[in-house]
Amino acid sequence: MTYAITQTCCNDATCVAVCPVNCIHPTPEERAFGSTEMLHIDPRACIDCGACADACPVDAIFPVDSLSAGQREYADINAAYYEGAEPLAAGVDGPNFHAWGEPVFERSLPSDFGPLRVAVVGTGPAGMYAAQDLLLHTAAEVTLIDRLPVAGGLVRYGVAPDHPATKKVGDTFSRFHSHPRVRMHLGIEVGRDVTAEELSAHHDAVVYAVGASTDRRLGVPGEDKPGCLSATAFVAWYNAHPEAVAQGVDLSAERVVVVGNGNVALDVARILVADPEALAATDIAAHALDALRASRVREVVVLGRRGPEDAAYTRSELLALKHVPGVELVVDDHDPRTAAAIDAAGAGGRAGVLKGLARVRTDAASPTVGERRIVLRFHSEVGEIRGEGDGVRSVRVTDGGGTADLAAGLLLRAIGYRGIPVPGLPFDEASGTVPHEGGRVAGVPGSYVVGWIKRGPSGGIGANRTCAAETVGTLLADAVAGELPAPTGDAKAFRRLARQRNRRVVDARGLAAIDRAERDRGRRDGRPRVKLATVEELVATARSGRLLRLTR
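Before going into details, it helps to say that this report is about the structure given with it. (Residues numbered from 1 in each chain as written. Predicted model: local features only at pLDDT ≥ 70, side-chain atom pairs only at ≥ 80, totals over all residues. Heavy atoms only, no water.)

## Concerning the overall build of the protein chain
Applied cut-off: Secondary structure follows DSSP: runs of H or I at least 4 residues long count as helices, runs of E at least 2 residues long count as strands, and numbering of each begins at the N terminus. Each radius of gyration is computed over the set of C-alpha atoms, and the globule rule expresses the reference value as 2.2 Å times the number of residues to the power 0.38. Think of it in three bands: residues with accessible area under 20% of the maximum for their type are buried, residues over 50% are exposed, and the middle band is partly exposed, with areas taken using a 1.4 Å probe on protein chains only. Residues are treated as being in contact if the distance between any of their heavy atoms lies within 4.5 Å. For the accessible areas, the method is Shrake-Rupley and the probe is 1.4 Å, while residue cover comes only from the protein chains on display.
Summing up its helical and strand segments, the protein chain has 19 helices and 23 strands in all. In terms of overall size, the protein chain behaves like a compact globule, its C-alpha atoms giving a radius of gyration of 24 Å where 552 residues would be expected to give roughly 24 Å. Here the C-alpha coordinates of the protein chain stretch approximately 70 × 70 × 50 Å along the principal axes. Classification of the 552 residues of the protein chain by burial places 52% in the buried group. Within the protein chain, contacts between residues separated by at least 24 positions form 75% of all contacts whose residues are at least 6 apart in sequence. For the protein chain, the accessible area works out to roughly 24,000 Å², and carbon and sulfur atoms hold 51% of it.

## Focus: the state of the cysteines
Quick reminder of the rule: A pair of sulfur atoms, both from cysteines and within 2.5 Å, is called a disulfide here.
Per the counting criterion, the structure on display carries 0 disulfides. In this model cysteine 467 remains outside any disulfide bridge; the closest cysteine sulfur is found in cysteine 10, 15 Å from its own. Given a relative accessible area of 7%, cysteine 467 falls into the buried group.

## Quick notes on the sheet that holds strand β16 (residues 380-386)
Our working definition: Criterion used throughout: strands pair if DSSP finds at least two bridges between them. For every element, the axis is a line fit to its C-alpha atoms; helices are fit only across the contacting stretch, and the angle between N-to-C directions ranges from 0 to 180 degrees.
One open sheet holds the 3 strands; their spatial order is β16-β17-β18, and the pairing between them is antiparallel. This sheet does not close on itself; its edge strands, each paired only once, are β16 and β18 (402-407). Adjacent strand axes in the sheet meet at a mean angle of 30 degrees, parallel and antiparallel pairs treated alike. Direction of pairing for strand β17 (residues 394-399) relative to β18: antiparallel, over a ladder of 6 bridges. Its bridge partner being in β18, threonine 398 is matched across the sheet by threonine 403.

## Details of the packing of helix α9 (residues 231-238) against helix α10 (residues 263-273)
The condition is simple: By the definition adopted for this analysis, an angle is roughly parallel if under 35 degrees, roughly antiparallel if over 145, roughly perpendicular if from 65 to 115, and oblique otherwise. Crossing handedness is defined as follows: a turn of the near helix away from the far one that is anticlockwise and smaller than a right angle gives a left-handed crossing, while the clockwise case is right-handed. Any residue that is not Ala, Val, Leu, Ile, Met, Phe, Trp, Tyr, Cys, Pro, Asp, Glu, Lys or Arg is counted as polar, Gly included; the first ten are nonpolar and the last four charged.
At their nearest, the axes of α9 and α10 sit 10 Å apart, and the two run at 50 degrees to each other. Comparing the axis directions of α9 and α10 gives the class oblique. The element α9 and its partner α10 pack so that their crossing is left-handed. Of α10, the residues touching α9 (which contributes Ala231, Phe234, Val235 and Tyr238) are Val264, Asp267, Val268, Ile271 and Leu272. By residue class, the composition of the contact of α9 with α10 is 8 nonpolar, no polar and 1 charged.

## A closer look at unusual backbone geometry
Omega for the peptide link from histidine 25 to proline 26 comes to -5 degrees, which places this bond in the cis form. Structurally, the position occupied by proline 26 is in the loop between β2 (24-25) and β3 (40-41). For alanine 13, which is not glycine, the phi dihedral falls at a positive 70 degrees. The residue alanine 13 is located in the loop between β1 (3-5) and α1 (14-18) in this model. Taking relative accessible area as the criterion, alanine 13 reaches 6% and is therefore assigned buried. For histidine 379, which is not glycine, the phi torsion reads 50 degrees and is therefore positive. Relative to the elements of secondary structure, histidine 379 occurs in the loop between β15 (372-377) and β16.

## Notes on the nonpolar core
Quick note on the threshold: Residues belong to one nonpolar core when they are buried, are Ala, Val, Leu, Ile, Met, Phe, Trp, Tyr or Cys, and are joined through side-chain atoms within 4.5 Å.
Counting residues in each nonpolar core, the largest one holds 117 residues, and the members touching the most others are Ile24 and Tyr238. Apart from the residues lying within four places of it in its own chain, the contact partners of isoleucine 24 are Ile5, Cys15, Val16, Cys19, Leu39, His40, Ile41, Cys52 and Tyr82. By size, the runner-up hydrophobic cluster in this structure holds 21 residues, among which are Ala119, Val206, Val434 and Ile453.

## Some words on the sheet that holds strand β13 (residues 327-332)
In spatial order, the strands read β10-β19-β11-β12-β15-β13-β14; together these 7 strands make up an open sheet with parallel pairing. Of all strands in the sheet, those with a lone pairing partner are β10 (228-230) and β14 (358-360), marking the two edges. The average undirected angle you get between the axes of adjacent strands in this sheet is 25 degrees. As paired strands, β13 and β15 are joined by 6 bridges and run parallel to one another. Paired with valine 330 across the bridge in β15 is valine 375. Its contacts with the sheet place α9 against β10 and β19 (410-413), and it is angled at close to 75 degrees to β10. In this fold α10 packs onto β11 (255-259), β12 (299-303), β13, β15 and β19, with an angle of close to 170 degrees to the strand it touches most, β12.

## Some remarks on helix α3 (residues 73-81)
Stated formally: What the arc describes is the spread of directions from the helix axis to the C-beta atoms.
Along α3, the residues classified as buried are Tyr74, Ala75, Ile77 and Asn78. Along the long axis of α3, the arc covered by the buried residues comes to 160 degrees, so they all point the same way. Tucked into the core, α3 has its buried residues touching β1, β3 and α13 (315-321).

## Some remarks on the side chain of serine 230
Take serine 230: it is sitting in strand β10. By relative accessible area, which is 8% here, serine 230 ends up buried. Setting aside residues up to four positions removed in sequence, serine 230 forms contacts with Asp215, Leu412 and Arg413.

## Considering the pattern of salt bridges
Threshold: By convention in these notes, a salt bridge is any Lys or Arg side-chain nitrogen within 4 Å of a carboxyl oxygen on Asp or Glu.
This structure, assessed with the given rule, holds 39 salt bridges. Glutamate 277 is paired through a salt bridge with arginine 293; the nearest N and O atoms lie 3.0 Å apart. Of this pair, glutamate 277 sits in helix α11 (residues 276-279) while arginine 293 is found in helix α12 (residues 286-293), placing the two residues 16 residues apart along the sequence. Look at glutamate 277 and you get partly exposed, because its relative accessible area is 48%.

As structure tokens, this is what we get:
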């Protein structure tokens, strides 16, 4: 028996580090690691020890003989990765069939290297991987800062609620929230409550992990209509982000158009037509669950400018879409290039996953009667969003054959995230990132970036681990070289400053109170948790829970 890595692979390579026979690839040292959709286990070399499954932070690794019907394709995907690869090492006396690389020691700290005080701005995966690196490999004291009164970032507010395994990576990060060398200040925003200069004055270094919090626009007429939303806003809405509008997403039309061909586009399409009672077992926002129960949406048309061979989503996410209960996945064959690409595709390509799906012609006027479905329409571009002042009525689509007006009551654009400027730091408008060298912010000594604000909106959760390792490595090299500016204030002074500027700061005990309250609410409803959906609820719960503990 062998193990296989499945859809929820996060690519953080924890499994690679624990494999005793080096049978998981690509490794972080290999060129393909930066572009791979997921990691793969070589079935010829796996010794069935299960170490990788134990270490996986997102429960993505299973024995092949225990895979469910919807997951069995992943056994073939893992094996196919090694087809055509160099032959396994022959005549080796032992279980290692893949050659080990030379050991690499990229960091060297002097024996008298003292503890640093580092602020990490942002508590999503990028920030927490950086904090984890500092806490595990140095004696650093870490100040965790987030503009929201709760930690989690992308894990809490970006991962779809029907992907609970992916959310488990948050458990790995949460163990550092109460670390003895961590101080937490949630609800503090750089540029609003404190300046970048003040933050630097109280720390040896500051790492910004603020992500890409806005989205790219289509730039077409009608884009500002009430029924045209960004996927960013829609994801925030169904994940109970406190800055999202609790009501206001109109799901009264039978068809929704989603523009984009990435994983986020597939996420929002799937949530729109999934069985609400299945979602009721997740941590989806209560207001979103109520709206989806009353929803009339039966069809989601996903538009992509390019062909199926060039789609941006991963094969694993597309495969999962084929197995959503009660939802039919079909391909619109209005353009002959689509069928040609699918028919010519190999098994390992994105287009190849679409083989065997029904091919249809979308009725522009209304969805086809029948079960709920998702329609993948390639070689199509939005030209105009049409309707009266109160919303969207149709979407004009241009393609190789001319134009078509698809009746729709809601359009979601999922064409990419974009970073926004951080007050006090340089910003590249073209890329939506902070200019840097190996994570070191250009022209601002002692300031560093990690995650999407560093490299742009590419790569999933696990990609932030290697990104953080580079940034932390640069920071430590600067510290050893004596190039970090000396702080003028200490941790207590920063705590006083933060609470003077914002009386609603949440600390680690307050965060624990929020977690307890949400889990308690979830237990009453048979759910993992019911999220508090407003800043007021989060802050009040943090305070009441903290006071309760102090009075016991």
